[in-house]
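So the chains spell out like this:
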Amino acid sequence: MKPYPFSGQKDPILRKWALLLLSACAIPVRAGTGMEVLTQPGIAGTLVLLGIVLFVAVLVIAARVDRLLRTLKRGRNGTNGTGRHARSSYRLQGDELGGTAASDDPRGLVEQAVSEPDIPLVDEKKRSRQRLEVPAELRKLVIWYLAAAVGWLVLGTLVGQYVGMKFVWPDMDQVPWLSFGRLRPVHTNTVFWGWTSLAMIGLGYFVVARTSGTTVHSYRMGWWAWGLINLSVVAGNLCLMAGINNGGGEYREYIWPAMLPFALGLILTFRNFYRTVAARRIGEIYISNWYILAALVWTIVLATIGYLPWYQNGLGETVIQGYYMHQGVGMWFMTFTLGLLYYYLPSALNKPIHSYSLGVLAFWTQMLFYTMIGTHHFVFAPLPWWLQTVAIVFSAGMFIPVVAGTTNFLMTMRGSWRAIGNSYVLPFFLVAVVFYFVGSTQGSLQAFRFTNHLWHFTDFNVAHSHMTMYGIVAFALWACMYAVLPRITGREPSQLLVGAHFWMAFVGLFAYMISLMAGGTIKGLQWMDGKPFVDTVTGTRPFWAWRAIGGSLMFLSHLLFAWNFRTMVRGARTAVPVTGQAVHPDPIIPVRPHAELP
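Conventions we followed
- Residues numbered from 1 in each chain as written.
- Predicted model: local features only at pLDDT ≥ 70, side-chain atom pairs only at ≥ 80, totals over all residues.
- Heavy atoms only, no water.
- Helix = DSSP H or I, 4+ residues; strand = E, 2+ residues; numbered from the N terminus.
- Buried < 20%, exposed > 50% of the residue type's maximum accessible area, 1.4 Å probe, protein only.
- Areas by Shrake-Rupley, 256 points an atom, 1.4 Å probe, with all protein chains shown as cover.
- Core = buried A, V, L, I, M, F, W, Y, C linked by side-chain atoms within 4.5 Å.
- Contact = heavy atoms within 4.5 Å.
- pLDDT = per-residue confidence, 0-100.
- Expected span 1.5 Å × (residues − 1).
- Bend = angle between axes of the 7 residues up to and from the residue.
- Axes fitted to C-alpha atoms, helices over the stretch in contact; angles between N-to-C directions.
- Parallel < 35°, antiparallel > 145°, perpendicular 65-115°, else oblique.
- Left-handed = near helix turned anticlockwise from the far one by under 90°.
- Patch = residues over 30% accessible without salt bridge, like charges linked within 9 Å, V, L, I, M, F, W, Y side chains within 5 Å.
- Salt bridge = Lys/Arg side-chain N within 4 Å of Asp/Glu carboxyl O.
- Phe/Tyr/Trp six-rings, centres within 6.5 Å; stacked < 30°, edge-to-face > 60°.
- Lys NZ or Arg CZ within 6 Å of the ring centre and 35° of its normal.

(A) How the structure looks around the overall build of the protein chain. For the protein chain, the count of helices and strands is 19 helices and 0 strands. Per-residue burial for the protein chain yields a buried fraction of 54% across its 598 residues. Surface summary for the protein chain: the accessible area is close to 26600 Å², and the carbon and sulfur share equals 66%.

(B) Structural detail: the nonpolar core. With 152 residues, the main nonpolar core has Trp195, Trp332, Phe475 and Trp478 as its most contacted residues. Among the elements that line this core, the one with the most residues is helix α17 (residues 459–489), at 20 residues. When sequence neighbours within four positions are dropped, the list of residues in contact with Phe475 reads Phe428, Val431, Ala432, Tyr470, Phe502, Ala505, Phe506 and Leu509.

(C) Looking closely at the confidence of the model for the protein chain. Taken residue by residue, the protein chain gives an average pLDDT of 81. The fraction at 70 or more is 78%. Ranking the elements of the protein chain by mean pLDDT puts helix α1 (residues 12–24) last, at 40, and helix α7 (residues 219–241) first, at 96. A low-confidence stretch, residues 1–33 (pLDDT under 50), is modelled with 42 contacts involving residues beyond four sequence positions or located in other chains.

(D) Local environment of unusual backbone geometry. If you check the backbone angles, Asn350 has positive phi at about 60° while not being a glycine. Counting through the fold element by element, Asn350 comes out in the loop between α10 (314–349) and α11 (356–369). On the basis of relative accessibility, which here comes to 49%, the residue Asn350 falls in the partly exposed class. Of note in the backbone geometry, Phe380 takes a positive phi value of approximately 70° without being a glycine.

(E) How the structure looks around helix α15 (residues 426–446). Over its 21 residues, α15 extends 29 Å from the first C-alpha to the last, a length consistent with the 30 Å expected when each residue adds 1.5 Å. Along α15, the sharpest change in direction is near 25° and occurs at Phe435. In terms of burial, α15 is largely enclosed, as 20 of its 21 residues are buried.

(F) View of the packing of α17 against helix α18 (residues 495–528). Where α17 meets α18, the axes come as close as 7 Å, and the angle between the chain directions of the two elements is 165°. Between α17 and α18, the crossing angle belongs to the class labelled roughly antiparallel. The handedness of the crossing between α17 and α18 is left-handed.

(G) Main features of a nonpolar patch on the surface. Taken together, the side chains of Ile61, Val65, Leu69 and Leu72 present a nonpolar region at the surface, about 300 Å² in accessible area. In this structure, Leu72 sits in helix α3 (residues 41–75). On the basis of relative accessibility, which here comes to 36%, the residue Leu72 falls in the partly exposed class.

(H) Region of interest: the packing of aromatic side chains. Per the counting criterion, the structure on display carries 45 aromatic pairs. Between Trp503 and Phe506, the ring centres sit 6.3 Å apart and the planes meet at 90°, which makes this aromatic pair edge-to-face. Residue Trp503 and its partner Phe506 are located together in helix α18, separated by 3 residues, close to a single helical turn. Of the residues examined, Phe506 reaches a relative accessible area of 6% and is grouped as buried. Centroid distance Trp527 to Phe533: 6.2 Å. Interplanar angle 25°. Geometry classified as stacked. Here Trp527 falls in the partly exposed class, since its relative accessible area comes to 32%. A residue is classified by how much of its surface remains accessible, and Phe533, at 54% relative accessible area, is exposed. The lysine or arginine in question, Arg252, covers the ring of Tyr324, its NZ or CZ lying 5.7 Å from the ring centre. The side chain of Arg547 reaches across the aromatic face of Phe167, ending 4.3 Å from its centre.

(I) Structural context of the pattern of salt bridges. Applying the stated criterion across every chain yields a total of 4 salt bridges. Notably, a salt bridge pairs Glu317 with Arg252, separated by 2.8 Å at the nearest N-O pair. Taken together, the residues Glu317 in helix α10 and Arg252 in the loop between α7 and α8 (256–278) connect sequence positions 65 residues apart. For Arg252, a relative accessible area of 1% gives the class buried. A salt bridge links Lys523 to Asp459, with the nearest nitrogen and oxygen atoms 3.2 Å apart. With a gap of 64 residues between them, Lys523 in helix α18 and Asp459 in helix α17 connect regions that are remote in the sequence.

(J) Structural context of the environment of Phe399. Looking at where Phe399 falls in the secondary structure, it is placed in helix α13 (residues 399–412). Note: C-alpha distance between Phe399 and Thr441 (42 residues apart in sequence) is 6.6 Å. Ignoring any residue separated from it by four or fewer positions in sequence, one finds Phe399 in contact with Thr441, Ser444 and Leu445.

Here it is in C-alpha cells:
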C-alpha cells in the first residue's frame, strides 16, 4: 500500500501550471511524478507563504521608492513665472546658520541635515525625537546584557559561517576541534543561549520596569544572572569543542554542569521580573509581562525536565527530545519575543496596541497548543501513533494564536505606510511580524504527515529553523534594540549602515532559505524514490553553495550591526524627557483594551 502515490498526472493543463510553479521556485521535479506533490495542502501552502515574503520585500522597496519620488517631486519647481529660473539656480552659501554660539533647538524643529538625501533604499531617516528618563542603573544593565548578546552573535555566526563553508569545501581543515560535529552545536547553542537569550532578557528588563512604573527589584540579582548565563555559554562551548557533550540531543548538547548556571540565571531573572511586576504602580499587568513571565516559567521547567536522568532512556528520551527542542524555540524564544513586540512595536509607532483582547487570546491559545507539538518531529518514528496524531492536531491548532497575534501587530501598524519609508526601525518590525505568520504557519503545515515525510531530516528543516529563529526572533530583537537604545543613550547609529544591515540580512536570509528549501525538497523526493544516499548528497551541493553565499551576507550584516550598536552605546549620555513632556511609566502604552492615550 502506498499512502502517497506518485503516479503520473494525466491533466495536461494542471501539469503545465505545476511545472511552471516548480520552475519558478527552482525545484526541478520530474513531470511524471511531481504532480501529486503540488496537490498536498502543506506544499501548496508553503508556496503561498513564500509569495508573501516576496510581497513584503516589494512593499518595503516600494515604500523607499515612494519616498524618493516624493523627495524628487518636492525638489522640482512646479510653478511658472519670472522667478522660476532664479529659484531653480539658487544655492545656499553655507554660512546661513553660521555664528559662534552653540546650537540650541529645544523643540526639535531641525531633525537632521544630510548631504545626500536621494539614496533610495538606505537613505538617512528621521532621528528619534523622544528621550526617555531612565535610571542610570537600568540603562547600564540593559546595555551590558545587549553588549554581551552582540558579542555572542558575532562569534556564534562566525562559527556558523565557517560551518556553512565546510559544506562547499569539506576538506578545509583536519583539526579535530574544528570538525563539523563539534562546531555545529557551538554555533546553535551560542546563538540560542548567548545572543538571543541575553538580548531578550536585557530588553525585558526595560519592559517590565517601564510598564510597571517602578524600578527593577534588584539590580544585583540582574548582574548575577548576567554572569551565570555568560559562564554557561563559555563553559558549554569549551566542552563542545573538546568533544565533551550530552549526546545527540539537539540544542541540549551542553552537559548538565555547563547548563546549570544558565538555569540558575533564569531562576534569578524570573524572581527579579516577578518581584518588579508585583511592585507595579499600575493596577493591571500589561500583556508584555504575561508573555515574558510565562516564557521564564516554561523554560525553567523545560531545562529541568530536559536534563533529569530518568527521562533519558529508550523512546522516552526521544519524546523528551521533541518536547525540549520545540519548547525551547516556542515557549522560550518565541513567547518572550512576542512579549517584547507587544511593547516595542506600539512604542515605535507611538500608538497603543490594536487589541488587548486579541493579545490575551493569542497568549492563552499559545500556552494550550504549543505544549503538545514536539512529537511532530518524530512522525513515522516508533512512537505511539496517537501521540504523533495529537502533535499534528495541536500543530494545526497553532493557527489560532499565530493569526490572532499577526492580526494584532499588523492592525497596530495600519496607516503607517509612510512611516515605513521614513523609519529605519519599522522595516525590521514588519519583517519580524510577517515571518511570524509565514514561519509559524509553515511549521504547522510541515507537521502534516506527507510534508513531514518529504521534508523532515533534510535541509528544508534547516531553512525552516532559520526562517523562525532568524526571520522572526533576530529581526524583532534588532528592531527593539534600534528602537530603544537611541532613546536611553541619546546616540543615533549611522542610518546608512542600519539600512545596509537590514538589506544584507534580509537578502541573505532569503537566499539561504530558498536554496535549502529547494535542495531539501529535491533530497526528500530522491529518498522517496529510493535513490542512493550519496547521490542525494552530491545533488545538493549547488544549493549548499547558495547557502554559503546567503550566510556570508547574513554574517556581514551582523558586523554592521555590531558597529551600529557600538555607535549607539559609546559615550552614552544621560537621556532626558522632551521639554514639557510629563514623566509617565510609559506614555504610549495603555493597560486597558481601548484606553485613551494619556
